[in-house]
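Given next are the chains, with one letter for each unit.
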Amino acid sequence: MTKYIFVTGGVVSSLGKGIASAAIGALLEARGLKVTLQKLDPYINVDPGTLSPFQHGEVFVTDDGAETDLDLGHYERFTQLRTSQANNATTGRIYYNVISKERRGDYLGDTVQVVPHITDAIKGTIKAVSDGYDVVIVEIGGTIGDIESLPFLEAIRQMRYDAGRENVLYAHLTLIPYIPSAGELKTKPTQHSVKELREIGIQPDVLLCRCDRTLPPEIKAKIALHCNVDVDAVIGAIDVETIYEVPLALHREGLDAIIARRFGFDSREPDLGKWTDVVRRIKEPKNEVTIALVGKYIGLKDSYKSLIEALIHGGIANDARVVFQWVDSEEIEVHGPERFLSEVDGVLVPGGFGYRGIEGKIEAVRYAREKKIPFLGICLGMQCAVIEFARNVCNLKEANSTEFDVDTPDPVIYLMEKWYDFRKGRVERRSETSQKGGTMRLGAYPCILTEGCNAYNAYGLKEIYERHRHRYEFNNAYRGILTRNGLKISGASPDGELVEIIEVEDHPWFVGCQFHPEFKSRPTDPHPLFRAFIAAALREKRSLFPYVAEAFPDIRTAVEQGDEGG
């Protein structure tokens, strides 16, 4: 019988429900269990695809082309799960499906209500991901007390009766603030949060108490008494140096043992060796490298969550700490790239939408190309690299993307209106008048690599599959002039029509990819492009500062060997 763990949050938002859920999944997998995770979001958007990154952070894309909540990225990084559309649902999607059924007459004249129709739809969404798994971990977005999350809470309350009391566990993440002026940890916010949860009809079985220090036994006892939970079920979710230490920290608190006892699982100790090694490499690296991330959403770091983690994974692979230098591309437009990029070891230009900050990104690409700084351009970053090369190497001074200038005389990036979709097995069409979602190339697509190029050397494979999220494409009408001047097409669709990876000749390491490699990177399995990018940055750092390599021979070893054992 499948077991269900429902994770809720209280007191304040951004406590880390997604990481806590993912860490629970990692602990249960380490006990040999098959786990899946699901995020239920209370907002009314059907999906986060059209939400501003400043409001909601990154949009995570799955292999099947679903635009989902960024917490699905945590799920994939902490577990072996590859998520799909089924692993994320919103209020908007639930209501859309119910209203569509009502319009078709599926309810046979019933008055459609929140209970039972909406709650039944939510439960159906949960049960749809359950087959074949030992444990389903469901994270409820928002905070207890939010009006929009009430139908989800009612649905998971009912799940205890549907699935059986012995097959359901409620874990509530809450906050224990420390008041410096009083010198005390305060439990009252947690008491009120649990009280509100119990009023809804849910008695938590486990409390994950976020705090910045160890919870003394007397504090745990007080929380247990007032919240009606066992003392050993009051788990200190203490701040740690890296999120990848969370599974180890929760294991030390006994969380996975409590879950195992509750569900009658094997009581054997989990194998957490890989997490111990990851944490060691992050906390005690032998090397260090500085990477400039030139973006236009840097006001909210969650806009680049998967990207940050993938760079850290590249550092893990090379036993290196990655130091981030955040650069606003609009600042480059005002001050130029020199003051921001002159002392970095690598430059990364990420994806994005819209014209704002584009010229700054293009200038960052130019600086990295001319100064021979290792460069990785992702999605829009690749397109900016093509535009920069066309302007400054091919002398097409007005080259641009039709996304930014529909009347450009040299549209080296444009909206391809017809192409063969190898994922769907059919010809796709789109135009400027298509719905926003309809013009997107979403999900995993095949790419054939050219042997001998940086991309092929990184992957060691001829054919790869990577996830996309973009509208505009490389314009093949300019393929000739670009390649004659030194731009290499090192990756393309099987029919050669869709350019997926470009490189620049006579450069230490310059790669732009149309897809988002960060979505498939894990700390225990760093993505090949990020592994190679960080290795190249270390190699160039050594060549610029040879005395560093002499003083620290481990740097030489790491960059020469690419630390393949990582």
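Residues numbered from 1 in each chain as written. Predicted model: local features only at pLDDT ≥ 70, side-chain atom pairs only at ≥ 80, totals over all residues. Heavy atoms only, no water.

Caption draft 1: Fine view of the overall build of the protein chain. Counting its secondary structure elements, the protein chain contains 21 helices and 25 strands. Computed over the C-alpha atoms, the radius of gyration of the protein chain is 25 Å, within 12% of the 24 Å expected from 2.2 N^0.38 for a compact globule of 566 residues. Here the C-alpha coordinates of the protein chain stretch approximately 70 × 70 × 45 Å along the principal axes. Across the 566 residues in the protein chain, those meeting the buried criterion constitute 58%. (Helix = DSSP H or I, 4+ residues; strand = E, 2+ residues; numbered from the N terminus. Rg over C-alpha atoms; globule rule 2.2 N^0.38 Å. Buried < 20%, exposed > 50% of the residue type's maximum accessible area, 1.4 Å probe, protein only.)

Caption draft 2: Highlighting empty space enclosed by the protein. By the definition in use, this model includes two cavities of 30 Å³ or more. When its volume is computed, the largest cavity comes out at roughly 50 Å³. Around the largest cavity, the lining residues are Gly 352, Phe 353, Cys 379, Leu 380, Gln 383, Glu 403, His 470, Arg 471 and Tyr 472. Residue composition of the lining of the largest cavity, grouped by class: four nonpolar, three polar and two charged. (1 Å grid on protein atoms, 1.4 Å probe; cavity = no way out; pocket = protein on both sides within 12 Å on 5 of 7 lines; lining within 4 Å. Points joined across faces, edges and corners; volume = space filled by probe spheres on them. Nonpolar A, V, L, I, M, F, W, Y, C, P; charged D, E, K, R; others polar.)

Caption draft 3: Spotlight on the side chain of Glu 309. On the secondary structure map, Glu 309 appears in helix H12 (residues 305-317). With sequence-adjacent residues up to four places away left out, Glu 309 is seen in contact with Arg 77, Ile 243 and Tyr 244. (Contact = heavy atoms within 4.5 Å.)

Caption draft 4: Expanded view of the nonpolar core. Grouped together as the largest cluster of nonpolar side chains are 48 residues, with contacts concentrated most on Ile 5, Leu 28, Ile 137 and Val 206. With nine residues, the top contributor of residues to this core is helix H1 (residues 17-30). If we ignore the near neighbours within four places in the chain, the residues touching Leu 28 are Ile 5, Leu 33, Val 35, Val 135, Ile 137 and Ile 259. Among the nonpolar cores identified, the runner-up in size contains 42 residues, and Ile 373, Phe 389, Leu 396 and Tyr 478 belong to it. (Core = buried A, V, L, I, M, F, W, Y, C linked by side-chain atoms within 4.5 Å.)

Caption draft 5: Representation of the packing of helix H5 (residues 114-127) against helix H6 (residues 150-163) in the model. Remark: H5 packs on H6, axes separated minimally by 9 Å, with the N-to-C direction vectors making an angle of 70°. Relative to H6, the element H5 is oriented roughly perpendicular. Crossing hand, H5 versus H6: right-handed. Listed contacts from H6 to Val 114, Val 115, Ile 118, Thr 119, Asp 120, Ile 122, Lys 123, Ile 126 and Lys 127 of H5 are Pro 151, Phe 152, Glu 154, Ala 155, Ile 156, Gln 158, Met 159 and Asp 162. Its residues placed into classes, the contact of H5 with H6 shows ten nonpolar, two polar and five charged. (Axes fitted to C-alpha atoms, helices over the stretch in contact; angles between N-to-C directions. Parallel < 35°, antiparallel > 145°, perpendicular 65-115°, else oblique. Left-handed = near helix turned anticlockwise from the far one by under 90°.)

Caption draft 6: Looking closely at the sheet that holds strand E1 (residues 3-9). Spatial strand order, E5-E2-E6-E1-E7-E10-E11: seven strands in an open sheet with parallel pairing. Looking at the sheet topology across the chains shown, the edges are occupied by strand E5 (88-90) and strand E11 (234-238). Adjacent strand axes in the sheet meet at a mean angle of 20° when their direction is disregarded. As judged from the six bridges shared by strand E2 (residues 35-41) and strand E6 (residues 135-140), these two strands associate in the parallel manner. Paired with Thr 36 across the strands is Val 136, a residue of E6. Along the sheet, helix H3 (residues 71-78) makes contact with E2, E5 and E6, crossing E2 at roughly 170°. (Pairing = 2+ DSSP bridges.)

Caption draft 7: Summary view of the pairing of strand E17 (residues 410-414). The element E17 is extensively covered by neighbouring structure, given that four of its five residues are classed as buried. Summarising the sheet, strand E16 (residues 399-401) and E17 pair through three bridges and their orientation is parallel. The residue bridging Ala 399 from the neighbouring strand is Asp 410, located in E17.

Caption draft 8: Highlighting helix H16 (residues 380-392). Along its 13 residues, H16 runs 18 Å from first to last C-alpha, staying within 8% of the 18 Å computed at 1.5 Å per residue. By the criterion of burial, H16 is predominantly enclosed, with twelve of the 13 residues buried. Those residues of H16 that sit buried are Leu 380, Gly 381, Met 382, Gln 383, Cys 384, Ala 385, Val 386, Ile 387, Glu 388, Phe 389, Ala 390 and Arg 391. (Expected span 1.5 Å × (residues − 1).)

Caption draft 9: Expanded view of the pattern of salt bridges. Taken as a whole and judged by the stated rule, the model has 39 salt bridges. The partner of Glu 76 in a salt bridge is Arg 467, with the nearest N and O atoms 3.2 Å apart. One end of the pair, Glu 76, is in helix H3; the other, Arg 467, is in strand E21 (residues 463-470), and 391 residues separate them in sequence. Residue classification places Glu 76 among the buried positions, given a relative accessible area of 1%. Judged by relative accessible area, which is 0%, Arg 467 ranks as buried. One salt bridge connects Glu 473 with Arg 441, and the closest N-O pair in it is separated by 2.8 Å. (Salt bridge = Lys/Arg side-chain N within 4 Å of Asp/Glu carboxyl O.)

Caption draft 10: Representation of the side chain of Thr 119. As for its position among the elements, Thr 119 is in helix H5. With a relative accessible area of 0%, Thr 119 lands in the buried category. At a separation of 3.2 Å, a polar atom in the side chain of Thr 119 contacts the main-chain carbonyl oxygen of Pro 116. The residues touching Thr 119, leaving out its near neighbours within four places in the chain, are Val 114, Pro 151, Glu 154, Ala 155 and Gln 158. (Polar contact = N/O pair within 3.5 Å; in protein donor to acceptor, adjacent residues only side chain to side chain.)

What is shown is where atoms sit, not what they do.
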